[in-house]
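Structural description and commentary
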Amino acid sequence: MTRVDFYILQDVEQTAMHRFACRLAAKAMRNGQRTYLHTASDAQAREVDDLLWAYPPNRLIPHGRLGTPEAEDAPVVVGQRTDSADRLPTDGLLINLADDVPDGPGRFDRIAEIVVGEKRASGRTRYKFYRDRGYPLFHHELDDWEAR
């Protein structure tokens, strides 16, 4: 069954959530795990796409936007809520940056939900969604995570 990890950051802004997602994607890539970053909008997808080129510093994270030729062989794919569920990857790690749960979360091996101050209410809603469906849930409170 799909494992769901909630990462609770002490940061309050969405940009911290994006930076942490890039770090998770880099770690998953090093471990040979395909990663799908699910965003809420085209603007957020563009922001994450740009950030993956520069963060974390001194690390290259090969990636592409869902539906582009670059994404076909990339270890990291960036998509958004409006993408058709049948185009989403069917395994690996889902990093959810949207406020809702994407369609078919059980198709992934793992799900990472990142919660920052301004997104706590939607994080609680997603937590209840997974809990009510019996997903194994893990909780990680993180402070000073960028120093690691």
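On a predicted model such as this, the values are computed, not experimentally measured, just so you know. (Residues numbered from 1 in each chain as written. Predicted model: local features only at pLDDT ≥ 70, side-chain atom pairs only at ≥ 80, totals over all residues. Heavy atoms only, no water.)

**What about the pairing of strand β5 (residues 93-96)?**
Neither face of β5 is open: one carries Leu93 and Ile95, the other Leu94 and Asn96, and all of them are buried. Pairing analysis gives four bridges linking strand β2 (residues 35-39) to β5, with the strands arranged parallel. Following the sheet pairing, histidine 38 is matched in β5 by asparagine 96. (Buried < 20%, exposed > 50% of the residue type's maximum accessible area, 1.4 Å probe, protein only. Helix = DSSP H or I, 4+ residues; strand = E, 2+ residues; numbered from the N terminus. Pairing = 2+ DSSP bridges.)

**Remarks on the pairing of strand β1 (residues 3-9)**
Burial runs high along β1: six of the seven residues are buried. Here six bridges tie β1 to strand β6 (residues 110-115), and the two strands are oriented parallel to one another. What sits directly across from isoleucine 8, in β6, is valine 115. Of the strand pairs in this sheet, β1 and strand β7 (residues 137-142) are connected by six bridges, and their pairing is parallel. Looking across to β7, one finds that aspartate 5 is bridged to phenylalanine 138.

**A closer look at the nonpolar core**
As a rule of thumb, nonpolar side chains are buried together in soluble globular proteins. Counting residues in each nonpolar core, the largest one holds 27 residues, and the members touching the most others are Phe20, Leu37, Leu52, Ile95, Leu97 and Ile114. Elements supplying a minimum of two residues to this core: β1, α1 (14-30), α2 (42-54), β4 (76-80), β5 and β6. Among the elements that take part in this core, α1 stands out by supplying nine residues, more than any other. Apart from the residues within four sequence positions on either side, leucine 52 is in contact with Cys22, Leu37, Ile61, His63, Val76 and Val78. Ile8, Val77, Val101 and Tyr130 belong to the second-largest nonpolar core, a separate cluster that totals 14 residues. (Core = buried A, V, L, I, M, F, W, Y, C linked by side-chain atoms within 4.5 Å. Contact = heavy atoms within 4.5 Å.)

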